[in-house]
Amino acid sequence: MGSPPQRTTDAHGESPEVQRLLDLARVHLGMDIGWVSHFTEDRQRISALSGDGASMHVAVGDAPPLQESFCVRVLAGNLPPVVPDARRDPRTRDLAVTARLGIGSYVGAPLHDAAGAVVGMLCCLSRGAGPHLGLDAARYLGLVADLVSDHLTSPTALQRRAEAEARRQVRQVLDTGDVRVLFQPVLRLADRAVVAHEALARFDAPCFPRPDLAFAAATRVGLGVPLELLAARTALEQLHRVPAGTALNVNVSAEALGDPEVQGVLLHHAERAARTGRRVVAEVTEHTQVTDYPALREAVRRVRAGGVGIAVDDAGAGYASFRHVLQLRPDTIKIDVSLVREVDTDPVRQALVRSLVEFATDVGASLVAEGVETAAEAQSLQRLGVELVQGYLYARPAALPQDGPAGEDAPPPDRTVVLTPHDLTTHEATTHEATTHEATTREATTRDLTSHDLTRRGPA
């Protein structure tokens, strides 16, 4: 009989039932290791493992080429499902995988999805020959494979594997830093002067053709904040490339803004920005429902004390965005594209935008209309009193020039550390005077914002 089960945590979220079946099959057949694998394009990914995988150079998460495997030959009919002596069998002795894994004997059976298509394999291997292995071993493993297939096609198992695959994909982006940042300008309607750039993340991974898919997947598997932090860091490293006197806006969820490491990064770059006549603005987005507004307000207070501007994104898109405005008292309110689209022809949208203009003026916040795509929309917005705009009519998201303004060099690598509550308190104390001055200026803001006001507060 085989050695006692040695289980390995699986990368694809296989259920305990699948692990128990795998252990049972390996021990019953007297094999050194057993695995469950899933086929992905031209590879088989090991998702569960029983036995001492290290002894045969196998680990959960491995994805060897399918074409080199015994499995593909079994499925093609070029190899029987049982190979008692792989080093002597002329069909397997010269294969690279035989030598690489040290395969002495092998039993394999296919796994099927609900439609009957082959989606993976259940395999058991040993380093030594297995003269005891015959057709009974093949039939037995085939029965176990059918049971495993039933578990793998259950709704719970499918969801578990989908989440595990999403976690693997997001983790790969985090490990490789595979994120690009494009920038879309925010302009003043009166003279088309650029007052800010919004940083927009893009991912080259085929699994994330749109950025919202990446952030949604990351949030779903508990990696939302790390992915937002990666995007924010990548954007803020290009702070020196935005024109002096303007702001760089980075998108952060309410959850991310409450993270000490995210706060540390924002404060670090806000200090850099202040030295060069720029400003960092955190655009608070609604990735998940906010359940603790007092904690969010405290996070806003901390970063604002260090010179970070606050914008609320997608105002008018729903109740949550308006609650953000009421709770956070932002420096900038960004009108959602749903209100901007067809504002030139829809009296209801015009009334809503007009009310937002009046509200922003009363509370001393700047107002930006997002998603402006036609000249008619821009003209209507200007008539309604909107002073700042952003959209394809003016510029699509694009890379910033490689060289910063004359005389400015790229910053050193970001070595920001996580700030403790004591660090944050100390930082706030050193910026108290600047915060007081900012509050005074904010109260004095009027409907007719001057160029100096826009530059200092870094709208958008």
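Residues numbered from 1 in each chain as written. Predicted model: local features only at pLDDT ≥ 70, side-chain atom pairs only at ≥ 80, totals over all residues. Heavy atoms only, no water.

Colleague: Requested: an account of the packing of aromatic side chains, with residues and values cited.
Modeller: For the coordinates displayed, the defined rule picks out 3 aromatic pairs. Judged by centre distance (5.1 Å) and plane angle (70°), the rings of Phe70 and Tyr106 are edge-to-face. Separated by 36 residues along the polypeptide, Phe70 in helix α2 (residues 70–75) and Tyr106 in strand β5 (residues 105–112) bring together distant segments of the chain. Between Phe203 and Phe208, the aromatic rings sit 6.4 Å apart at their centres with planes inclined by 70°, giving edge-to-face as the arrangement. Following the ring pairs from residue to residue traces out a cluster consisting of Phe203, Phe208 and Phe215. Across the ring face of Tyr392, the terminal group of Arg396 is positioned such that the distance to the ring centre comes to 4.0 Å. (Phe/Tyr/Trp six-rings, centres within 6.5 Å; stacked < 30°, edge-to-face > 60°. Helix = DSSP H or I, 4+ residues; strand = E, 2+ residues; numbered from the N terminus. Lys NZ or Arg CZ within 6 Å of the ring centre and 35° of its normal.)

Colleague: Could you give an account of the environment of Ala115, with specific residues and numbers?
Modeller: By secondary structure assignment, the location of Ala115 is in the loop between β5 and β6 (118–126). Between the alpha carbons of Ala115 and Thr153 there is a distance of 9.8 Å; along the sequence they are 38 residues apart.

Colleague: Any details on the sheet that holds strand β7 (residues 180–188)? Residues and values, ideally.
Modeller: Within the closed barrel, the 8 strands sit side by side as β7-β8-β9-β10-β11-β12-β13-β14. Their pairing is mixed. As judged from the 8 bridges shared by β7 and strand β8 (residues 194–202), these two strands associate in the antiparallel manner. By the bridge assignment, Phe183 is partnered in β8 with Ala199. With respect to the sheet, helix α7 (residues 224–236) is in contact with β7, β8, β9 (247–253) and β10 (279–285), its orientation differing from that of β9 by roughly 175°. (Pairing = 2+ DSSP bridges. Contact = heavy atoms within 4.5 Å. Axes fitted to C-alpha atoms, helices over the stretch in contact; angles between N-to-C directions.)

Colleague: Explain the confidence of the model for the chain residue by residue, including any values.
Modeller: Scored by pLDDT, the chain has a mean of 86; 83% of the residues are at 70 or more. Per-residue pLDDT, averaged within each element of the chain, yields its smallest value for helix α17 (residues 451–457) (33) and its largest for strand β4 (residues 82–83) (98). With pLDDT under 50 throughout, residues 7–12 is counted as low confidence; its partners more than four residues away or in other chains account for 21 contacts. Note on residues 429–460: pLDDT is under 50 here. Beyond four places in sequence and across chains, it has 57 contacts. (pLDDT = per-residue confidence, 0-100.)

Colleague: An account of helix α5 (residues 155–176) is requested, with residue identities and associated values reported.
Modeller: Its 22 residues place the ends of α5 32 Å apart at the C-alpha level, agreeing with the 32 Å of an ideal helix rising 1.5 Å per residue. Taken together, the buried positions of α5 are Ala157, Arg161, Ala164, Glu165, Ala166, Gln169, Val170, Val173 and Leu174. Looking at the buried positions of α5, the neighbouring elements they touch are β2 (33–40), α4 (135–152), α6 (211–220) and α7. Directly after α5, the chain includes Gly177, whose backbone phi takes a positive value near 65°. (Expected span 1.5 Å × (residues − 1). Buried < 20%, exposed > 50% of the residue type's maximum accessible area, 1.4 Å probe, protein only.)

Colleague: Give a detailed account of the pairing of strand β3 (residues 43–51), specifying residues and quantitative values.
Modeller: Counting buried positions along β3 gives 8 out of 9 residues, so the element sits mostly inside the fold. Sheet topology note: the β2/β3 ladder contains 8 bridges and is antiparallel. Of the residues in β3, the one forming a bridge with Val36 is Ala48.

Colleague: So what's going on with the pairing of β2? Residues and values would help.
Modeller: Of all 8 residues in β2, 6 are buried, a share of seventy percent or more. In textbook terms, the turn of a hairpin is the stretch between consecutive antiparallel strands, and for β2 and β3 this stretch comprises 2 residues, one of which, Glu41, has a positive phi near 55°. Bridge count between β2 and β6: 6 bridges; the pairing is antiparallel. Its bridge partner being in β6, Trp35 is matched across the sheet by Cys123.

Colleague: I'd like a description of the nonpolar core, backed by residues and values.
Modeller: Side chains of nonpolar character tend, in soluble globular proteins, to be buried together. With 58 residues, the main nonpolar core has Leu257, Leu266, Ile335, Val353 and Leu381 as its most contacted residues. If you tally residues by element for this core, the top one is helix α9 (residues 260–275), at 6 residues. When residues no more than four places from it in sequence are discounted, the contact partners of Leu381 are Val340, Val343, Val353, Ala369, Val372, Val386 and Val389. Counting 23 residues, the second largest nonpolar core, distinct from the first, contains Val18, Leu111, Ala138 and Ala145. (Core = buried A, V, L, I, M, F, W, Y, C linked by side-chain atoms within 4.5 Å.)

Colleague: Break down the environment of Val119 for me, citing the residues and quoting the values.
Modeller: Tracing the chain through its elements places Val119 in strand β6. Sequence-wise, Val119 and Gln44 are 75 residues apart; in three dimensions their C-alpha atoms are separated by 9.4 Å. Each residue touching Val119, except ones within four places of it in the same chain, is listed here: Ser37, His38, Phe39, Leu111, His112 and Asp113.

Colleague: Please provide a residue-by-residue account of the side chain of Asp346, values included.
Modeller: Residue placement: Asp346 occurs in the loop between α12 (337–340) and α13 (347–363). Looking at Asp346, the relative accessible area reads 19%, which means it is buried. Side-chain polar atoms of Asp346 contact the backbone nitrogen of Val348, separated by 3.0 Å. Side chain to side chain, Asp346 and Arg349 meet in a polar contact 2.5 Å long. (Polar contact = N/O pair within 3.5 Å; in protein donor to acceptor, adjacent residues only side chain to side chain.)

Colleague: Break down a nonpolar patch on the surface for me, with residues and values.
Modeller: A grouping of Leu326, Phe359 and Val363 is seen on the molecular surface, where their side chains present a nonpolar patch of about 240 Å² in accessible area. Examined against the element boundaries, Val363 turns out to sit in helix α13. Its relative accessible area of 34% is what places Val363 among the partly exposed residues. (Patch = residues over 30% accessible without salt bridge, like charges linked within 9 Å, V, L, I, M, F, W, Y side chains within 5 Å. Areas by Shrake-Rupley, 256 points an atom, 1.4 Å probe, with all protein chains shown as cover. Salt bridge = Lys/Arg side-chain N within 4 Å of Asp/Glu carboxyl O.)

Colleague: Explain the packing of α9 against helix α10 (residues 293–305) residue by residue, including any values.
Modeller: Contact pair α9 / α10: the axes reach a minimum separation of 9 Å and the direction vectors enclose 25°. The angle between α9 and α10 falls in the class roughly parallel. Viewed along their axes, α9 and α10 form a crossing whose handedness is right-handed. Here Gln263, Leu266 and Leu267 of α9 lie close against α10, whose contacting residues are Ala299, Arg302 and Val303. (Parallel < 35°, antiparallel > 145°, perpendicular 65-115°, else oblique. Left-handed = near helix turned anticlockwise from the far one by under 90°.)

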